[in-house]
Amino acid sequence: MLALFRRSLVAALAAVPLAAFSSLPAQAQSIETAAKQAIIIDHASGQVLMEKNADELMVPSSMSKLMTVYMVFDKLKSGAWKPSDRLPVSETAWKKHYKSEGSLMFLPVNSTASVEELLKGVVIQSGNDACSVLAEAHSGTEEAFAEEETRKARQIGLTHSTFKNASGWPEPGHLMTARDLAVLSRHLISDFPEYYPLFSQMEFVFNGIKQGNRNPLLYNTPGADGLKTGHTEAAGYGLTASIKRGNRRIVMILNGMTSMKERAEESRRLTEWAFREWETYALFKAGEEVIPDAEVWLGQAETVPLLIKSGIEVTMQRRNRPDMKVTTIYNGPIAAPVKAGQEVGKVVITAPGMTPVEVPMVAGADVEKLGFAGRMSTAFKRVIWGKKG
């Protein structure tokens, strides 16, 4: 009695956030980049706009400080730490960095600094010494902290990242992928909205020394508000960035460039490409009626409306928008009894260069099953006359 029903729909656009928070593989035509590893992701939909060697293990340099920041944000959100808490600058942490050629917050040995100051030292000044102080306060030693970072990374979906220290200072085995950095960035943005604005702060003065944020996009790219640069001889120049314009936000990771100039120019060029060539389209609101009259078999009502379970947004290249198809699929007629909210089918959205998106359809009302006499009458009419029940 049941048949697979498919209907193509012309979707009305409406502003609605995507319920799902998932990463989707790229099927898009990519733009070339000078970066050795790169990925650009639409933050809301998870659609990958471009990628290059995104799953290749790489030296992340100071971009791995973002994991240290995640760990500290987590402490603050849980209430275990307060921004005003003061942490000690041990001789171990101080000695590890004071003669190095790496970036410093310039923390005096045997002094203290607040968690808020140390976070600014990490995010704005890229201070390796600040990372070590936070790591020791968090886990006792920086080595133990790195192990905790790696465990937490696995829990939040960083499948290929391994941390050996808190700062990204070159050390064998301290490796990430561009895709993992994108996942981490999306978590920082979504999990800690109350702390995320720190990434857009332009400068910070500590110990009488003023240092500016090293993110080049903050100075000349509209909508840029994070996250972190990186540079070592082994890795080249890198940037983990996020840019929001209107309702759209992209996350971009670039690594392996040859100079600060190339990093700045390439990141601006790719940002403009992502916003110029791609668009996010809101198709359905959560609970919106998709099919008003799906047939019901042996029910007290002959039809039931089908609703979209969650809102749908899709991100695609603008030139592919005319070729987008929205199809509903369900087995019909739907056998009674039917409960409101029961999943009975799905909506599938496809377009060239875009990963197909599928969202469940649910029944919009209860439909009770007919009594014995009603079922017999309906079955008789169906068999003899082909009529609906």
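Residues numbered from 1 in each chain as written. Predicted model: local features only at pLDDT ≥ 70, side-chain atom pairs only at ≥ 80, totals over all residues. Heavy atoms only, no water.

Describing the overall build of the chain
Part 1: If you tally the helices and strands in the chain, you get nine helices and 18 strands.
Part 2: Scored against the burial criterion, the 389 residues of the chain give a buried share of 52%.
Part 3: Contacts in the chain between residues at least 24 apart in sequence constitute 66% of all its contacts with a sequence separation of at least 6.
Part 4: Here the chain has roughly 17,100 Å² of accessible surface; of this, 53% comes from carbon and sulfur atoms. (Helix = DSSP H or I, 4+ residues; strand = E, 2+ residues; numbered from the N terminus. Buried < 20%, exposed > 50% of the residue type's maximum accessible area, 1.4 Å probe, protein only. Contact = heavy atoms within 4.5 Å. Areas by Shrake-Rupley, 256 points an atom, 1.4 Å probe, with all protein chains shown as cover.)

Points about the nonpolar core
Nonpolar side chains tend to gather and get buried jointly when the protein is soluble and globular.
Part 1: Grouped together as the largest cluster of nonpolar side chains are 56 residues, with contacts concentrated most on M67, F73, L107, L118, L184, L188 and F199.
Part 2: Looking at this core, the elements with two or more residues in it are β2 (37-42), α1 (65-78), α3 (115-123), α4 (128-139), α5 (142-155), α6 (178-191), β6 (203-206) and β10 (248-257).
Part 3: The greatest single-element share of this core, amounting to eight residues, is contributed by α1.
Part 4: For F199, the contacting residues outside a window of four places in its chain are L66, V69, F73, V123, L188, N213, L218, D225, G226 and L227.
Part 5: One finds F284, V290, V296 and V314 within the second-largest nonpolar core, a separate group that totals 29 residues. (Core = buried A, V, L, I, M, F, W, Y, C linked by side-chain atoms within 4.5 Å.)

A word on the environment of L57
Part 1: Mapped onto the secondary structure, L57 falls in the loop between β3 (48-52) and α1.
Part 2: Taking the relative accessible area as the measure of exposure, L57 reaches 46% and is therefore partly exposed.
Part 3: A C-alpha to C-alpha distance of 9.2 Å links L57 and Q37, two positions 20 residues apart in sequence.
Part 4: Residues within four places of L57 in sequence aside, it is in contact with H160, L175, M176 and T177.

Digging into the sheet that holds β2
In sheet architecture, strand pairing relies on hydrogen bonds along the backbone and comes in two forms, parallel and antiparallel.
Part 1: With respect to topology, five strands assemble into an open sheet ordered β3-β2-β10-β9-β8, the strand pairing being antiparallel. In the strand order of this sheet, the two ends are held by β3 and β8 (224-232), each with one partner. Taken pair by pair, the neighbouring strands of this sheet meet at an average axis angle of 5 degrees, ignoring direction.
Part 2: Bridge count for β8 against strand β9 (residues 236-245) is eight bridges, and the pairing is antiparallel. Paired with H231 across the two strands is Y237, which belongs to β9.
Part 3: In this fold helix α8 (residues 260-277) packs onto β2, β3, β8, β9 and β10, with an angle of close to 150 degrees to the strand it touches most, β10. (Pairing = 2+ DSSP bridges. Axes fitted to C-alpha atoms, helices over the stretch in contact; angles between N-to-C directions.)

Some details on the pairing of strand β14 (residues 312-317)
Part 1: Across the six residues of β14, six count as buried, placing the element largely inside the fold.
Part 2: Where strand β11 (residues 278-284) lies against β14, six bridges are found, and the strand directions are antiparallel. Along β14, the bridge assignment pairs A282 with E313.

Side note on unusual backbone geometry
Part 1: In this structure, L227 follows G226 across a cis peptide bond, with omega equal to 10 degrees.
Part 2: With respect to the helices, strands and loops of the structure, L227 is situated in strand β8.
Part 3: The residue after A336, namely P337, is reached through a cis peptide bond having omega 0 degrees.
Part 4: Of note in the backbone geometry, N110 takes a positive phi value of approximately 65 degrees without being a glycine.

Notes on α6
Every α-helix carries 3.6 residues per turn, so stepping three or four residues along brings you back to the same face.
Part 1: Taking 1.5 Å per residue, 14 residues should reach 20 Å; α6 reaches 20 Å between its end C-alpha atoms and fits that length.
Part 2: Extensive coverage of α6 is indicated by the burial of 12 of its 14 residues. (Expected span 1.5 Å × (residues − 1).)

Description of the side chain of Q125
Part 1: Positionally, Q125 belongs in the loop between α3 and α4.
Part 2: Of note is the side chain of Q125, whose polar atom sits 3.1 Å from the backbone oxygen of F204.
Part 3: Residue contacts for Q125: discarding those within four places in its chain leaves S103, L104, M105, K120, F204, F206, I209, Q211 and R214. (Polar contact = N/O pair within 3.5 Å; in protein donor to acceptor, adjacent residues only side chain to side chain.)

Looking at the packing of α1 against α5
Part 1: Relative orientation of the contacting elements α1 and α5 amounts to 85 degrees, with a least axis distance of 10 Å. With respect to α5, the axis of α1 lies roughly perpendicular. Side by side, α1 and α5 meet where M67, T68, Y70, M71 and D74 of the first sit next to F145, E148, E149, K152 and A153 of the second.
Part 2: Here the residues of the contact of α1 with α5 sort into five nonpolar, one polar and four charged. (Parallel < 35°, antiparallel > 145°, perpendicular 65-115°, else oblique. Nonpolar A, V, L, I, M, F, W, Y, C, P; charged D, E, K, R; others polar.)

Observations concerning the packing of aromatic side chains
Part 1: In the structure shown here, the tally under the stated rule is nine aromatic pairs.
Part 2: Summarising the aromatic geometry, the rings of W94 and Y98 are spaced 3.9 Å apart at their centres and angled 10 degrees between planes, so their arrangement reads as stacked.
Part 3: Relative to W278, the ring of W273 has its centre 6.3 Å away and its plane inclined at 70 degrees; by these criteria the two rings are edge-to-face. You'll find W273 and W278 in the same group, each marked buried.
Part 4: The ring of F275 carries R245 above its face, with NZ or CZ at 4.8 Å from the centroid.
Part 5: Sitting over the face of the ring of Y281, R321 holds its NZ or CZ atom 5.3 Å from the ring centroid. (Phe/Tyr/Trp six-rings, centres within 6.5 Å; stacked < 30°, edge-to-face > 60°. Lys NZ or Arg CZ within 6 Å of the ring centre and 35° of its normal.)

Points about the pairing of strand β7 (residues 209-212)
Part 1: Inspection of the sheet shows β6 paired to β7 by four bridges, in the antiparallel sense. Across the sheet, residue V205 finds its bridge partner in β7, namely K210.
Part 2: Hairpin connection from β6 to β7: two residues lie between these consecutive antiparallel strands, with N207 at a positive phi of about 55 degrees.

Describing the pattern of salt bridges
Part 1: Here the structure, examined in full by the defined rule, presents 18 salt bridges.
Part 2: Here R276 ties to E277 by a salt bridge, and the two come within 3.3 Å at their closest N and O atoms.
Part 3: Among the residues examined, R276 registers a relative accessible area of 47% and is labelled partly exposed.
Part 4: We classify E277 as partly exposed; its relative accessible area is 29%.
Part 5: The closest approach of N and O atoms between E358 and K346, which form a salt bridge, is 3.4 Å. Here E358, found in strand β18 (residues 354-363), pairs with K346, found in strand β17 (residues 343-351); they are 12 residues apart in sequence, far enough to count as distant.
Part 6: Residue classification places K346 among the partly exposed residues on the basis of a relative accessible area of 30%.
Part 7: Each member of the salt-bridge network shares a partner with another, and the members are E51, D55 and R179. (Salt bridge = Lys/Arg side-chain N within 4 Å of Asp/Glu carboxyl O.)

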